[in-house]
Amino acid sequence: MSYLVPSEFVTKMVDAGESKVHMSTRDTLIRAFMAGAILALAAVFAVTVAVQTGSFLLGSVLFPVGFCMLYLMGFDLLTGVFMLTPLALLDKRPGVSTNTILRNWGLVFVGNFAAALTVAFMMAFIFTYGFNTEPGAVAEKIAGVGEARTLGYAEYGAAGWFTIFIRGMLCNWMVSMGVVGAMISTNVGGKVLAMWMPIMLFFFMGFEHSVVNMFLFPFGIIVGGGFSVMDYLIWNEIPTVLGNLVGGLAFTGLTLYTTHIRTGAKRNFSKGASADRVPA
């Protein structure tokens, strides 16, 4: 069977959340590092395509290749564990607690960030031939994005901060749908298609993804972007992480879990009633 019904794949979501909580520190860090590295490379790829072709839409269409690769390999993004691990707590899985979930989130954050920063330095080295030349159009574009999505938000104060937060919510609504998409099919083609659609949407709409930003903004600073580390943290990464947490859990994890695992009471028809007499 190539498709799982919701009650089946939501159970897989809870199982996945439980397994990630109990994963060893070594495996959690390795999987998080590889996920962050692959997503960072996909971001460079998408921006390069957009700059060289003049089509941001084409870059957005191609960006999901990185997401598909990392999830097919079983690697972990912070956005994914934000949505999956709390479900295991709600389902009262053995050994799952608030502390073990926070431990998982912390390790995945460290792994994702270390990888994104590593790729940022590697790509900056490549674009500048060892910091000996100007970085070029792609790097300048990323630096410009960094300025617009830190200082640009800061101009609006609290409203700007909450704009980032909401963009982060919408982002992980879509990204977590991609995580779920990998679970609804039992063949590679079906998984890729189900992952591709929401990831393309979030990237084209300019929603804020904490792990993508772990690469884009440090890279922008390295190549000379006009914003600081504190600008990046306060006016992007922190509200983005919080928005990703709320959006993925509220819009995807809790809604699917509530209606497909802890469903409401089923309607009882009176004796002798016929199903075809009940209004649709």
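Overview of the overall build of the protein
Inference 1: A tally of regular secondary structure across the protein gives 12 helices and zero strands.
Inference 2: Helices and strands in the protein line up, N terminus first, as α-α-α-α-α-α-α-α-α-α-α-α.
Inference 3: Projected onto the principal axes, the alpha-carbon positions of the protein cover approximately 85 × 40 × 40 Å.
Inference 4: For the protein, the residues scored as buried account for 48% of the 280 residues in total.
Inference 5: Long-range pairs, those at least 24 residues apart, make up 81% of the contacts in the protein with a sequence separation of at least 6.
Inference 6: Surface exposure of the protein reaches about 13,100 Å², of which carbon and sulfur atoms provide 69%.

With respect to the packing of aromatic side chains
Inference 1: Tallying each qualifying case throughout the model produces 17 aromatic pairs.
Inference 2: On the basis of an interplanar angle of 75° and a centroid distance of 5.3 Å, the ring pair of W161 and F162 is categorised as edge-to-face.
Inference 3: Assessed through its relative accessible area of 22%, W161 is described here as partly exposed.
Inference 4: For F162, a relative accessible area of 47% gives the class partly exposed.
Inference 5: Centre to centre, the rings of F217 and F227 are 6.0 Å apart; their planes meet at 80°, and the pair counts as edge-to-face. Separated by 10 residues along the polypeptide, F217 in helix 11 (residues 210–222) and F227 in the loop between helix 11 and helix 12 (229–260) bring together distant segments of the chain.
Inference 6: Classification of F217 by relative accessible area gives buried; the value is 0%.
Inference 7: A relative accessible area of 6% places F227 in the buried class.

Thoughts on the packing of helix 5 (residues 78–90) against helix 9 (residues 157–181)
Inference 1: Two elements in contact, helix 5 and helix 9, have axes whose closest approach is 9 Å; the angle formed by their N-to-C orientations is 75°. With respect to each other, helix 5 and helix 9 are oriented roughly perpendicular. Taken together, the residues of helix 9 that come into contact with helix 5 (itself represented by T79, G80, F82, M83 and L84) are N172, V175, S176, V179 and V180.
Inference 2: Tallied by class, residues from the contact of helix 5 with helix 9 come to six nonpolar, four polar and no charged.

Topic: the pattern of salt bridges
Inference 1: Under the definition given, this model contains six salt bridges.
Inference 2: Among the salt bridges present, the one from R93 reaches D15, with a minimum N-O distance of 2.8 Å. Of this pair, R93 sits in the loop between helix 5 and helix 6 (98–127) while D15 sits in helix 1 (residues 6–21); the two residues are 78 residues apart in sequence, bridging distant segments of the chain.
Inference 3: Put simply, R149 and E208 hold a salt bridge, and the shortest N to O gap is 2.9 Å.

Considering helix 1
Inference 1: Taking 1.5 Å per residue, 16 residues should reach 22 Å; helix 1 reaches 23 Å between its end C-alpha atoms and fits that length.
Inference 2: Those residues of helix 1 lying buried are F9, V10, M13, V14, A16, G17, E18, K20 and V21.

Remarks on a nonpolar patch on the surface
Inference 1: Among the surface-exposed residues, F56, L57, L201, F204 and M205 lie close enough to one another that they form a single nonpolar patch of about 470 Å² accessible area.
Inference 2: Contributing elements (two or more residues each) for the nonpolar patch: helix 3 (56–62) and helix 10 (188–204).
Inference 3: Locating L57 in the fold gives a position in helix 3.

Some thoughts on the environment of G181
Inference 1: Here G181 is to be found in helix 9.
Inference 2: For the pair G181 and L193, spaced 12 residues apart in sequence, the C-alpha separation works out to 8.1 Å.
Inference 3: Residues contacting G181, with those up to four places away along its chain left out, are K191, A194 and M195.

Examining the confidence of the model for the protein
Inference 1: Chain-level pLDDT for the protein is 94 on average; 94% of the residues reach the 70-or-more range.
Inference 2: Between residues 272–280, whose pLDDT stays under 50, and residues either more than four places distant or in other chains, the model counts three contacts.

Side note on the state of the cysteines
Inference 1: The final tally for this structure, using the stated rule, is zero disulfides.
Inference 2: With no disulfide of its own, C68 lies closest to C171 among cysteine sulfurs, the gap being 15 Å.
Inference 3: Residue classification places C68 among the buried positions, given a relative accessible area of 4%.

Digging into the packing of helix 6 against helix 11
Inference 1: Contact geometry for helix 6 and helix 11: axes closest at 8 Å, N-to-C directions at 35°. Remark: the crossing between helix 6 and helix 11 carries right-handed chirality. Two secondary-structure elements touch here, helix 6 through F109, N112, F113, A116, L117, V119, A120, F121, M123, A124 and F127 and helix 11 through V211, M214, F215, P218, F219 and I222.
Inference 2: Here the contact of helix 6 with helix 11 is composed, by residue class, of 16 nonpolar, one polar and no charged.

Let's talk about unusual backbone geometry
Inference 1: Positive phi is not limited to glycine here, since Y129 has a value of about 50°.
Inference 2: Within the secondary structure, Y129 is located in the loop between helix 6 and helix 7 (137–148).
Inference 3: Of the residues examined, Y129 reaches a relative accessible area of 65% and is grouped as exposed.
Inference 4: Within the chain, F131 stands out as a residue other than glycine whose phi angle is a positive 65°.
Inference 5: Following the sequence through the fold, F131 ends up in the loop between helix 6 and helix 7.
Inference 6: By relative accessible area, which is 45% here, F131 ends up partly exposed.

The rules behind the values
- Residues numbered from 1 in each chain as written.
- Predicted model: local features only at pLDDT ≥ 70, side-chain atom pairs only at ≥ 80, totals over all residues.
- Heavy atoms only, no water.
- Helix = DSSP H or I, 4+ residues; strand = E, 2+ residues; numbered from the N terminus.
- Buried < 20%, exposed > 50% of the residue type's maximum accessible area, 1.4 Å probe, protein only.
- Contact = heavy atoms within 4.5 Å.
- Areas by Shrake-Rupley, 256 points an atom, 1.4 Å probe, with all protein chains shown as cover.
- Phe/Tyr/Trp six-rings, centres within 6.5 Å; stacked < 30°, edge-to-face > 60°.
- Axes fitted to C-alpha atoms, helices over the stretch in contact; angles between N-to-C directions.
- Parallel < 35°, antiparallel > 145°, perpendicular 65-115°, else oblique.
- Nonpolar A, V, L, I, M, F, W, Y, C, P; charged D, E, K, R; others polar.
- Salt bridge = Lys/Arg side-chain N within 4 Å of Asp/Glu carboxyl O.
- Expected span 1.5 Å × (residues − 1).
- Patch = residues over 30% accessible without salt bridge, like charges linked within 9 Å, V, L, I, M, F, W, Y side chains within 5 Å.
- pLDDT = per-residue confidence, 0-100.
- Disulfide = S-S within 2.5 Å.
- Left-handed = near helix turned anticlockwise from the far one by under 90°.

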